[in-house]
Structure formats: C-alpha cells, structure tokens
Amino acid sequence: LRETHARLEYLLSATAAVTYTARVVGEAVTTTYISPNVADVLGWAPSRFYEEGRFWRDRVHPDDCDLVTRALAPLLECGQHDIRYRFLHGDGTYHWVLDSARFYRDGETSEIVGHVIDITERTRAEQALARSEASFRSVIERSPTMTFVHRDGIIVYANRAMSDRMGLSDPSALVGVNSLEQIHP
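Keep in mind it's a predicted model, so treat the numbers as computed, not measured.

Draft legend 1. Spotlight on the overall build of the protein. Helix and strand content of the protein: 7 helices and 7 strands. Ordered by position from the N terminus, the helices and strands of the protein form the series α-β-β-α-α-α-α-β-β-β-α-β-β-α. Rg of the C-alpha trace for the protein: 25 Å, well past the compact-globule value of 16 Å for 185 residues, more than 25% over. Along the first, second and third principal axes, the C-alpha atoms of the protein reach 80 × 40 × 35 Å. Here the protein holds 185 residues, and 34% of them are scored as buried. Within the protein, contacts between residues at least 6 apart in sequence are counted, and of these 35% link residues at least 24 apart. Counting every atom, the protein has about 12,000 Å² of accessible surface; 55% of that belongs to carbon and sulfur. Of the charged side chains in the protein, 20 are positive and 26 negative; the average position of the first set lies 3 Å away from that of the second.

Below is the structure:
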C-alpha cells in the first residue's frame, strides 16, 4: 500500500498538471488534496492551500474573480468546466492557468476533482499572434493596392481598395465570388 501510494504521488508530481480535489459546502470550496508539484508549477507549498481556506481564491487576479466565482454554479449543475484565468504565482507575477474540473456527488458527499495547467507561455503566444494579425490586417485594409485572398478561386477576403475599384461600396460583397469570373475574357 505504501509503495502504491508513493508511486501515485510520484505520477501526480511528475506531470505539468497540478491535480487537486476540493469539498463544496454551500459557497465555500475547501482544498482536500493538491499534488506536490504545485510548488514547481505555481510556486506555493501545498500546505498553504490546506491551511488557509481562501488561499486559492485570494490569489486569483482581481479582474478574473467574478469569472471564477460565476463558474462554480455551472460546474455544480453541469458537472464540469474548463476556465482560463490568472493566478498569482509564488514569485509575485500572475500566470495564466487552464483549470479543468469535474464535480462528483455520491450521496451526501460532493467533491470537485480537477487539474490546473500553467498556460502562460501559450497565452502570450496567442496574444502576440492576435496583435500581429491585427497589425497585418490593418496594413492590408488601408493599402491602396487591390488585395484579395481566395481559396480554390472563391474570394474569402477583399480589401477596401479592391471593392472601390470594382465600384462596390463594401468589400464583403466580393466574398464568395469566383475571382476568375472577375477577369475580362
């Protein structure tokens, strides 16, 4: 039994996901287990989550507190959720996390079982990509050069310069048009 327990602890600690369980009593959520790798992933000793009842909630970014609070009711009703929010790391910086939880009820006992993954780098990459796409789109939309994108000859995007030169008031009027049909025979 000790060997199995040690193996389970090792497996839970060797992943990038912090595994946890929590009891729900009314609106209070109390941590009943958190994997030891929480120290590596989020920078806090596991004991902090047990000793301070609101430890987790108090470290959720202020702008995300309502999201996390509102997510509890659907979790209890639907049985699962996946939410992204910022959590205060032990180093004093906020990290983006993906919290995937399931709710189980067995008679009078109810428990949340979940895992948290640090997705800070992925979120930063997504944000950088979104900024880059917005910048590129802005350049193309403001360009005096007629620009369009097609897939298999069907226009999926056209800029203002193209619609203006074709005598159309809106570039979206070109979406769905066969581009080859717009060329003089």
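Draft legend 2. A look at the sheet that holds strand S4 (residues 94-106). Ordered by their spatial adjacency, 5 strands build an open sheet running S2-S1-S5-S4-S3, and the pairing between neighbours is antiparallel. Two strands close off the open sheet at either side, each with one partner strand: strand S2 (28-34) and strand S3 (80-88). Strand-to-strand twist of the sheet, defined as the mean angle between neighbouring strand axes without regard to direction, takes the value 30 degrees. The strands that helix H5 (residues 65-78) touches are strand S1 (17-25), S2, S3, S4 and strand S5 (109-118); relative to S3, the one it contacts most, it runs at about 160 degrees.

Draft legend 3. A look at the side chain of Ser35. You can see Ser35 is positioned in the loop between S2 and helix H2 (38-42). With near-sequence residues (within four places) excluded, Ser35 lies in contact with Leu12, Ala17, Val18, Thr19 and Pro46.

Draft legend 4. Quick peek at the layout of surface pockets. The calculated volume of the largest pocket comes to roughly 490 Å³. Elements that contribute at least two residues to the lining of the largest pocket include exactly S1, S2, helix H4 (55-58), H5, S3, S4 and S5. With 5 residues, the single largest contributor to the lining of the largest pocket is S2. For the lining of the largest pocket, the class distribution of residues is 15 nonpolar, 4 polar and 5 charged. For the second largest pocket, the calculated volume is near 160 Å³. If you trace the second largest pocket, you find it lined by Glu133, Phe136, Arg137, Ile140, Thr147, Val149 and Tyr157. For the lining of the second largest pocket, the leading source of residues is helix H6 (residues 120-142), giving 4 residues. Of the residues contributing to the lining of the second largest pocket, the split by class is 4 nonpolar, 1 polar and 2 charged.

Draft legend 5. Representation of the environment of Ala161 within the structure. As for its position among the elements, Ala161 is in helix H7 (residues 160-165). Overall, the relative accessible area of 10% leaves Ala161 in the buried class. Residues Ala161 and Ala134, spaced 27 residues apart in sequence, show a C-alpha to C-alpha distance of 18 Å. If near-sequence neighbours (up to four positions away) are discounted, Ala161 is found in contact with Ser143, Pro144, Thr145 and Met146.

How each quantity is defined
Residues numbered from 1 in each chain as written. Predicted model: local features only at pLDDT ≥ 70, side-chain atom pairs only at ≥ 80, totals over all residues. Heavy atoms only, no water. Helix = DSSP H or I, 4+ residues; strand = E, 2+ residues; numbered from the N terminus. Rg over C-alpha atoms; globule rule 2.2 N^0.38 Å. Buried < 20%, exposed > 50% of the residue type's maximum accessible area, 1.4 Å probe, protein only. Contact = heavy atoms within 4.5 Å. Areas by Shrake-Rupley, 256 points an atom, 1.4 Å probe, with all protein chains shown as cover. Lys, Arg positive; Asp, Glu negative; His and termini not counted. Charge placed at Lys NZ, Arg CZ, Asp CG, Glu CD. Pairing = 2+ DSSP bridges. Axes fitted to C-alpha atoms, helices over the stretch in contact; angles between N-to-C directions. 1 Å grid on protein atoms, 1.4 Å probe; cavity = no way out; pocket = protein on both sides within 12 Å on 5 of 7 lines; lining within 4 Å. Points joined across faces, edges and corners; volume = space filled by probe spheres on them. Nonpolar A, V, L, I, M, F, W, Y, C, P; charged D, E, K, R; others polar.

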